[in-house]
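Spelled out from the first residue to the last, the chains are:
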Amino acid sequence: MSLQATMPATSAAATADAMDAAWLAAQQRLRWRRRIMPLFGGAALLFVWWALVAVFQVRPFIAPSPEVVAITFYQKFGMLMQNLWPTAIEAVCGFLLGNFAAITLATVFVHRKAVDEAFFPIAVLINSIPVVAKAPILVLLMGNGLSPKIAIAGIIVFFPTLVNMVRGLEAVNPQAMELMHVLSATKWEVFMKLRLQTSLPFLFSALKIAASTAVVGAIVGEWIGSQEGIGALIIQATYNFDSALLYATVLCGSFFSILFFLTIRLIERFVVRWQPEGAP
Amino acid sequence: MSLQATMPATSAAATADAMDAAWLAAQQRLRWRRRIMPLFGGAALLFVWWALVAVFQVRPFIAPSPEVVAITFYQKFGMLMQNLWPTAIEAVCGFLLGNFAAITLATVFVHRKAVDEAFFPIAVLINSIPVVAKAPILVLLMGNGLSPKIAIAGIIVFFPTLVNMVRGLEAVNPQAMELMHVLSATKWEVFMKLRLQTSLPFLFSALKIAASTAVVGAIVGEWIGSQEGIGALIIQATYNFDSALLYATVLCGSFFSILFFLTIRLIERFVVRWQPEGAP
Amino acid sequence: ATTTVNMQLGWLGGGNQIGEAVAQQLGYFEQEGLDCKIQAGGPNNDGIAIVASGRYELGQVSSSPSLMLAASQDIPIRCFAVSAQQHPYAFFSLKKNPVRTPADFRGKKVGIQATGAVLLRALLAKNNIDQKDVQIVIIGSEMTPLMTGQVDVVTGWLTNTTALKVIGADRVDLKLWDAGVRLYANPYYATTDTLTQRKDLLVRFLRAAGRGWAYTYANRDKAVELLIKQFPNLVAKDEREAVDVMLAHCFNANTMANGYGAMDPAIWQDQIALYSQLGQFAKRTPKVDEVMTLDILNATADVRPRIG
Amino acid sequence: MAAALDMAQDAPPGGVTAAPLALDCRDVTVRFMSERRAVTALEGVSLSLESGSFLTLLGPSGCGKSTLLRVVADIVQPSAGSVSVLGRTPAQARQNRDIGFVFQDASLLPWRNAIDNVRLPLEVGGRRELPAGAMRPQDLLDLVGLSGWEKALPHELSGGMRQRVAIARALLGGPRLLLMDEPFGALDEITRDRLNEELLRIWAETGTTIIFVTHSIYEAAFLGQKVLMLAARPGRVRELVAVSLPEPRRLAVRESPEFVALAARLRALLETC
Amino acid sequence: MAAALDMAQDAPPGGVTAAPLALDCRDVTVRFMSERRAVTALEGVSLSLESGSFLTLLGPSGCGKSTLLRVVADIVQPSAGSVSVLGRTPAQARQNRDIGFVFQDASLLPWRNAIDNVRLPLEVGGRRELPAGAMRPQDLLDLVGLSGWEKALPHELSGGMRQRVAIARALLGGPRLLLMDEPFGALDEITRDRLNEELLRIWAETGTTIIFVTHSIYEAAFLGQKVLMLAARPGRVRELVAVSLPEPRRLAVRESPEFVALAARLRALLETC
Ligand SMILES: Nc1ncnc2c1ncn2[C@@H]1O[C@H](COP(=O)(O)OP(=O)(O)OP(=O)(O)O)[C@@H](O)[C@H]1O
Ligand SMILES: Nc1ncnc2c1ncn2[C@@H]1O[C@H](COP(=O)(O)OP(=O)(O)OP(=O)(O)O)[C@@H](O)[C@H]1O
Ligand SMILES: Cc1ncc(C[n+]2csc(CCO)c2C)c(N)n1
Ligand SMILES: [Mg+2]
Ligand SMILES: [Mg+2]
């Protein structure tokens, strides 16, 4: 709600300066709260986790206590990083390829409506097949190296970006389109000068989602055959009931995907400096 | 582009009726094209698949030809349906529970900003953990049977709905909020009369995505231990190298998730009859 | 110049491949003009299709039934050697409610993986136990349901020492093999094309692998060290325990007589008959020589280590 | 400090008025803070307004017209000064449903049809019954000329029709003070003229006090009994102009020399704000 | 059928004109079809306009004002009738950059700063060089009074400033026909008045022909040398009203009796459309 409560109408002697100071202090408090609350929430979660494990005497193979996970994280930090590396490469490459493909296809869709109409339902169908069911076919086609994992990360990323990018490329202001027509702009010029920038806020909203899903894709890709990487470590830890290592590994992957997300958001802040008109 | 080309300016004798008839015929053609193109695209895909298998003599354990899959689908229709049943139940229940939880939490988030600030980052963190890594923990907690699969479908569905629902509940027109304030409406009344309806278009856009992901969740849930269901059948067919059955099973799951999606869209058409102002 | 030979696994590489890892590290493969690359599989990829499609030269799966099922679907691969003479697959129960003999299964709740259920049914059939007397629960590959009391029996590999520590000292084992169901573990296979046209490659591979396993048998601490070097994610202490169990399954009287990797067509025939009887072959029952070949074993008969 | 203005000239000097003033602001100051920047939206605004009158607020963009209206409606709290609405605090007046508010965009709920939108005030803020003699939603729709459109959804109505619904909604329950914030700003001139005439008719029929914000000189002059001109940065009272056009007014009055002169005077005044 | 109107009264009778007409429409009809419903937006509109004149288009909402402008700019194809712009087809005129267009919302590209928005026409439709004597983007920004705002992004400008940028953009390359579709419709009255005066100054300085759509009677009367009144359903010419106010005009002209009379006449006319 946009009610801007400032100060109650106390005495007319309250100077503007005093009001402003009070307001600034309140703002400062809010800003701090916004920074501290997530930490507080995290701490609460950790405490509940710890308390559950301690009170119910949960045995370590069911759920390790947070301190055990932290110790494991510290002790196996080198190994975790060594396994994060390939996963990160797969995720980032898959992210780049999948999004590039989606952006390209969206461009085609926007310019050739018939292609859109013919292939969009197929894209929906293929998207509704679980990745892990598609994965073995990719291994057949690409062998066992990084490529099938990159492909899986790319595929998982592809569809949401396609949908958003088509929406974004079509979200151009109709009057701007007429302006371009009056200026006798070619389709290519309309694309480069108008559609592309219009789509950016839509695109970034997809990219921010894609950042985490690409990591999930890379991990799932590793399950179909990899000796190293977060995914391989998860399988191994699961199979060996090394729950402390399992939790530490999973957290390591999560931290990376959050970092990836934040990076994309930072890039967005640099690239999209104007105020979009009714973007997502 | 909104250029409305009607007819070239030929002779002034062209009556309005003739123009309209031509236009109507063109519209009719467009409508038909929109209906037929997906079939055409599907046919093209089938043909490419068939041709690849035939020309390169792809052996059936790598990829079966479409007609073999079709025959299998027909012959094993009873078995497929029998296995679709539990998966469908899990998916629908998970869909209902996950979305219900997400909507409830979104309601809390909107009314208690501090809770939002504390727990939203945690929700992001948990969401970035791949389902398949969370699945074994759920089985531990819930044992076998339908419940862990429902839980997985619910969890996979939960996060996107939460995000969209929070956005939707906050997308209220600020002037409508001021109106409610002038009318001395309580928070509950604002929620029931204003926020809920405002959020519906956002909610449905999440529900339509959730429809397919719930099915994927149920299938993944079945992988970690189930006798029947699409997921179990996928494992069985994979283990037995029965690629025709595998493809038929995967397609069966896909068809169901598309059907689920279409159902939600139909419900949306009935529920959201007004014109949203700048919804997704 | 060395030839790369890719060995596709059905699971992650680890202690099951300690012989190959040692052979690679000590240069045994190199001495055969080979560079052995171990390609991992995983939960959704047993690798057979990859080898059958010709991408990789040979493969190894966890258990022999995979190869029989593949053969029944006309996938042109043959087993040419087996690493473990006895399958280390076993049923684990707790002392307070033990399963020591097949008869003890009556009235028990058994947690087993979807693809392993057939093995339990085979066991019950072999021992004339009515299936109705046993409750089968499909679970993932984990042992916690035993610990939480959800089931009375779980399954797993005796070699998986890390996981077995969870059960603790109260563990009671019943090996599948000892209950009358005789399967091989870690069988090597290749396509019929490779077997005929690149027989020499497989011969050299098996020769080097055999030397690796022989070295492992004799120098277990050092072998585990080399294994960790190749697979740094593994835990040395657990692998050191596991290697003893593994070697006990890889070397017995049969290898003493016929050398590492030896296998018996009669045992294969038993397995095929058992699976056929249980209706596992949807398409057709394969013949023994559609599942395995002794060619490579015969060609390496005199160089494979005879330990037991 | 702006001059204190008193419109309630007829009130007896002892301060004992028969009916309370519709509005009495004393030295109202409103400051907004946003991202380390402070804005003084209103400074020392004093104003009193007798019941049943029609006041228009005119001023350059950002001079605090909306803010003043929102202070009266208890949407914004003044940083200093006091406001009394019908002898009560704004919050009491709001809770007592003495205030009706019409926004620039009609702010109809898009999922409710016309009559349900008019009915909204009965459904929130504690379910209220209409007083015995009060106009019912249907009567109000008739009043604003929308008989027959009861079941239409907002997106099926034109902009002018939507504003009529908003006015009907604001009139429900017979508010004693109607606040209108550029209600016709988004409409084309012809529709706007028509609604202006109609608003005067409604005002005459209902007898409510109306405060009407606009940035059209013609609208301000045509509608108001008085025009309050605000100056910007900070928002303060510039002048209160009395309008001496005959009542009831028809659109044709705009062509009268008095009207043209008034518009010219307001324009000149506005240029100094 | 509407009456054919001829504004080029000075042309010699033989049809051999020194300069071609800025615009010559003959019997233009435009029909739109949407979802099985046909709309006749314009029917038999004939109109000719001599170079250098200023025509305002007035009429009720939906009478086809925008459609007529869009036909001239080659955005919409007429269903029947012929249009010639400066002696050419609209498409040729468009490709020759004879036409400038200003939309109701400024339609600036939000990611380009002011001067880059003005520069846009040089970057599309085949990279064009400005003719030797033509005004450069900076000159045009100076012309519309935006010196110093070159680097500002659209969201940092006020609505009025955005429209100035749009006008500068439309003037780039010196178009011989400037089409403006309610360019000041979304602005508040004071800003609008200021821009109206400024537009007349720019018109005088550049000598372009201008067709200006509005639904404000005051704006139409103040700006135009002639006011073309369209009637709705179907859109057709109602009347062409000559404006005999003195030039150059200042805002004060609005208080003159001639202006008031003209406005009254237009209002009366409009009520019959
Ligand atoms: N909620 C708010 N937060 C911060 N500043 C505000 C807020 N509301 C208004 N302002 C500022 O207060 C000043 C007055 O705003 P207000 O909306 O009252 O002006 P106005 O006269 O209604 O203008 P307009 O004619 O454009 O509607 C402006 O400078 C505005 O930026
Ligand atoms: N692209 C289009 N498709 C279908 N109908 C259209 C289209 N553009 C305009 N119309 C219809 O043509 C008629 C004239 O529209 P136009 O926009 O030219 O009117 P206008 O005089 O500019 O109205 P306004 O004053 O509201 O801008 C209207 O009935 C409108 O609904
Ligand atoms: C049903 C089933 N469960 C587990 C595995 C995985 N697996 C088989 S052998 C092996 C090595 C153990 O030391 C592992 C992990 C499988 N393939 N099939
Ligand atoms: Mg305002
Ligand atoms: Mg228009």
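Think of each chain on its own: its residues are numbered from 1, step by step along the sequence as written. Labels follow written order: the first chain is A, the first ligand is 1, and so on. For a predicted model such as this one, the threshold for reporting local features is a pLDDT of at least 70, and the threshold for listing and counting side-chain atom pairs is 80 or more; totals across whole chains, interfaces and linings nevertheless cover every residue. For the side-chain quantities, the full set of heavy atoms in the structure was used; hydrogens and water were omitted.

Brief notes about the relation of the copies chain B and chain A
Our superposition of the copies is a least-squares fit, built on the C-alpha atoms of residues whose pLDDT is at least 70 in both. Each copy of the sequence occupies a distinct position, and chain B is placed on chain A by a rotation of 180° and an axial shift of 0.2 Å, giving an RMSD of 0.2 Å. Overall, the copies show the geometry of a two-fold rotation axis. Contacts: residue pairs with any heavy atoms within 4.5 Å of one another. A share of 100% of interface residues in chain B that are also interface residues in chain A marks the association as one of identical surfaces.

Notes on the arrangement of the chains
Of all eight pairs of chains in contact, the one with the most contacts involves chains A and B. A minimum C-alpha distance of 49 Å separates chain C and chain D, which share no contact. Here chain C and chain E are not in contact; the least distance found between their C-alpha atoms is 48 Å.

Notes on the UniProt feature "domain: ABC transmembrane type-1" (unreviewed entry) in chain A
UniProt positions are given in the numbering used here, feature names are shortened, and annotations may be inferred rather than shown by experiment. As recorded in UniProt, the sites labelled "domain: ABC transmembrane type-1" (unreviewed entry) are residues 80–268 of chain A. Segments assigned H or I by DSSP are reported as helices when at least four residues long, segments assigned E as strands when at least two residues long, and all are numbered from the N terminus. Helix makes up 88% of residues 80–268 of chain A and strand 0%, with an end-to-end C-alpha separation of 29 Å.

Points about the site of ligand 2
The criterion for a residue being near a molecule or strand is simple. One of its heavy atoms has to lie within 4 Å of it. Neighbouring ligand 2 are 12 residues; S61, G62, K65, S66 and T67 of chain E lie closest to it. In this structure, ligand 2 is bordered by residues of chains B and E. Note that an oxygen atom of ligand 2 is positioned 3.2 Å from one of the backbone N or O atoms of C63 of chain E. Accessible surface is estimated by sampling points in the Shrake-Rupley manner with a 1.4 Å probe; for residues, cover comes only from the protein chains shown. In isolation ligand 2 exposes 620 Å². Once the protein is present, 70% of that is buried. Those elements giving two or more residues to the shell around ligand 2 turn out to be β3 (37–49) and α1 (65–72) of chain E. At three residues, α1 of chain E tops the list of elements feeding residues into the shell around ligand 2. Polar contact criterion, stated in full: a pair of N or O atoms within 3.5 Å, where within protein one must be able to donate a hydrogen and the other to accept it, and residues adjacent in sequence count only if both atoms are side-chain atoms.

Quick look at the domain arrangement of chain A
Per the annotation, domain bounds derive from an automatic or database assignment of domains. Considered domain by domain, chain A is made up of domain 1 (1–57) and domain 2 (66–271). Here domain 1 of chain A and domain 2 of chain A have C-alpha centroids that lie 36 Å from each other.

Focus: the UniProt feature "transmembrane region" (unreviewed entry) in chain A
Residues and elements named next belong to chain A. With numbering aligned to this structure, UniProt lists the feature "transmembrane region" (unreviewed entry) at residues 36–56, 88–110, 122–144, 150–169, 202–224 and 244–264. Taken end to end, residues 88–110 has its terminal C-alpha atoms 32 Å apart, with 100% of it in helix and 0% in strand. Summarising residues 122–144: 78% helix, 0% strand, and an end-to-end C-alpha distance of 28 Å.

Things to note about the sheet that holds strand β10 (residues 185–191) of chain C
Strand pairs in the sheet, formed through backbone hydrogen bonds, run parallel or antiparallel to each other. Residues and elements named next belong to chain C. Ordered by their spatial adjacency, five strands build an open sheet running β2-β1-β3-β10-β4, and the pairing between neighbours is mixed. Each of the sheet's edge strands pairs with one partner strand only, and the pair in question is β2 (34–39) and β4 (77–84). Averaged over all pairs of adjacent strands, the angle between their axes in this sheet comes to 25°, without regard to strand direction. Two strands pair under a simple rule: DSSP has to find at least two bridges between them. The pairing of strand β1 (residues 3–9) with β2 spans six bridges and is classified as parallel. Each residue of the ladder has a partner; that of T4, found in β2, is D35. Think of each axis as a best-fit line through the C-alpha atoms, taken over the contacting stretch in the case of a helix, with angles from 0 to 180 degrees between the N-to-C directions.

A short note on the interface of chain C and chain A
In this complex, chain C contributes 31 residues to the contact, which on the side of chain A involves 27 residues. Around 2500 Å² of area is buried between chain C and chain A when both sides are counted, 59% of it from carbon and sulfur atoms. On the chain C side of the contact with chain A, L12, N44 and N233 of chain C bury the most area, a combined 25% of that side's loss. Whenever a carboxyl oxygen of Asp or Glu lies within 4 Å of a side-chain nitrogen of Lys or Arg, that contact is scored as a salt bridge. Counting every contact that joins chain C to chain A gives zero salt bridges. There are eight residue pairs in polar contact (both at pLDDT 80 or more) connecting chain C and chain A. Those elements giving two or more residues to the side of chain C that touches chain A turn out to be α3 (48–52), α6 (144–147) and α7 (161–164) of chain C. A class-by-class count of the residues in the side of chain C that touches chain A yields 15 nonpolar, 14 polar and two charged. Once two parts are brought into contact, the accessible area they lose, counted with a 1.4 Å probe and summed over both, makes up the buried area. Residue polarity follows a fixed list, in which Ala, Val, Leu, Ile, Met, Phe, Trp, Tyr, Cys and Pro are nonpolar, Asp, Glu, Lys and Arg are charged, and the others, Gly among them, are polar.

A closer look at the site of ligand 1
Residues in close proximity to ligand 1 total 12 residues, the closest being S61, G62, K65, S66 and T67 of chain D. At the site occupied by ligand 1, nearby residues are drawn from chains A and D. The separation between an oxygen atom of ligand 1 and a polar side-chain atom of S61 of chain D is 2.7 Å. Measuring from an oxygen atom of ligand 1, one finds a backbone N or O atom of C63 of chain D at 3.2 Å. For ligand 1, whose free accessible area comes to 630 Å², the fraction covered by protein is 69%.

A word on a nonpolar patch on the surface
On the surface, F47, V48, W50, L52, V55 and F56 of chain A cluster together to form a nonpolar patch covering roughly 660 Å² of accessible area. Overall, the relative accessible area of 46% leaves V48 of chain A in the partly exposed class. Patch definition: residues with relative accessible area over 30% and no salt bridge; like charges joined within 9 Å; nonpolar side chains (Val, Leu, Ile, Met, Phe, Trp, Tyr) joined within 5 Å. With a 1.4 Å probe rolled over the protein chains alone, any residue whose accessible area is under 20% of its type maximum counts as buried; one over 50% counts as exposed, and the rest are partly exposed.

Remarks on the environment of V235 of chain C
The topology assignment puts V235 of chain C in the loop between α10 (220–230) and α11 (236–250). With 11 residues separating them in the primary sequence, V235 of chain C and V224 of chain C have C-alpha atoms 9.7 Å apart.

Section: the layout of surface pockets
Cavities and pockets were defined on a 1 Å grid built over protein atoms only: a cavity is a set of grid points that admits a 1.4 Å probe from which the probe cannot escape, a pocket is an open set flanked by protein on both sides within 12 Å along at least five of seven lines, and lining residues are those with an atom within 4 Å of any such point. Grid points are joined across faces, edges and corners, and a volume is the space filled by probe spheres set on the points. Each pocket or cavity is described by its volume, and for the second largest pocket that value is around 1600 Å³. Lining the second largest pocket we find 46 residues, and of these L45, W49 and Y247 of chain A together with I126 and I129 of chain B sit closest to its centre. At the level of secondary structure, the elements contributing two or more residues to the lining of the second largest pocket comprise α1 (16–55), α2 (66–75) and α10 (243–271) of chain A together with α3 (77–111), α4 (113–127), α5 (131–142) and α6 (146–170) of chain B. Looking at which element gives the most residues to the lining of the second largest pocket, the answer is α1 of chain A, with 10 residues. Of the residues contributing to the lining of the second largest pocket, the split by class is 42 nonpolar, two polar and two charged.

A closer look at the packing of aromatic side chains
Stacked, tilted and edge-to-face are the three classes assigned to paired rings of Phe, Tyr and Trp, where Trp is represented by its six-membered ring and a pair needs centres within 6.5 Å; plane angles under 30 degrees give stacked, over 60 edge-to-face, the rest tilted. Under the definition given, this model contains 36 aromatic pairs over all chains. Considering the side-chain rings of F47 of chain B and W50 of chain B, the 6.0 Å spacing of their centres and the 35° angle between planes classify their relative orientation as tilted. Here the residue F47 of chain B and the residue W50 of chain B both occupy positions in helix α1 (residues 16–55), the gap between them amounting to three residues, near one helical turn. Residue F47 of chain B is classed as exposed on the basis of its relative accessible area of 53%. Look at W50 of chain B and you get partly exposed, because its relative accessible area is 40%. Considering the side-chain rings of F184 of chain D and F212 of chain D, the 5.8 Å spacing of their centres and the 55° angle between planes classify their relative orientation as tilted. Here the residue F184 of chain D occupies a position in the loop between β7 (177–181) and α6 (189–206), and F212 of chain D occupies one in strand β8 (residues 209–213), the gap between them amounting to 28 residues. In this structure F184 of chain D comes out as buried when scored by relative accessible area, which is 0%. One aromatic cluster is present, built from ring pairs that chain together F29, F80, Y188 and F205 of chain C.

Considerations on the interface of chain B and chain A
Between chain B and chain A, the residue contacts involve 40 residues of the former and 42 residues of the latter. Overall, the association of chain B and chain A removes approximately 3900 Å² of surface from exposure, summing both partners, and the carbon and sulfur fraction of that is 77%. Viewed at the interface, chain A and chain B are joined by two salt bridges. Notably, a salt bridge pairs E117 of chain A with R34 of chain B, separated by 3.8 Å at the nearest N-O pair. Applying the counting criterion to the chain B and chain A interface returns one residue pair in polar contact (both at pLDDT 80 or more). Only α1, α4, α5, α7 (174–182), α8 (187–223) and α10 (243–271) of chain B provide two or more residues apiece to the side of chain B that touches chain A. For the side of chain B that touches chain A, the element with the most residues is α4 of chain B, which contributes eight residues. When the residues that make up the side of chain B that touches chain A are grouped by side-chain class, the tally is 27 nonpolar, seven polar and six charged.

Comments concerning the side chain of D116 of chain B
Residue and element names in this part refer to chain B. Mapped onto the secondary structure, D116 falls in helix α4. What makes D116 buried here is its relative accessible area of 11%. Apart from the residues within four sequence positions on either side, D116 is in contact with F109 and P121.

Brief notes about the pattern of salt bridges
Under the defined criterion, the tally for this structure stands at 59 salt bridges over all chains. Across the pair R240 of chain C and D244 of chain C runs a salt bridge whose closest N-O atoms are separated by 3.1 Å. Here R240 of chain C and its partner D244 of chain C are both found in helix α11, four residues apart, which amounts to about one turn of the helix. Overall, R240 of chain C belongs to the partly exposed group, its relative accessible area being 26%. Exposure remark for D244 of chain C: the relative accessible area of 32% places this residue in the partly exposed category. Between D98 of chain E and R88 of chain E there is a salt bridge; the shortest N-O distance is 2.7 Å. Here D98 of chain E is found in the loop between α2 (90–95) and β6 (99–102), whereas its partner R88 of chain E is found in the loop between β5 (80–85) and α2, with 10 residues between them in sequence. One salt-bridge network, held together by shared partners, links D74, K283, R284 and E290 of chain C.

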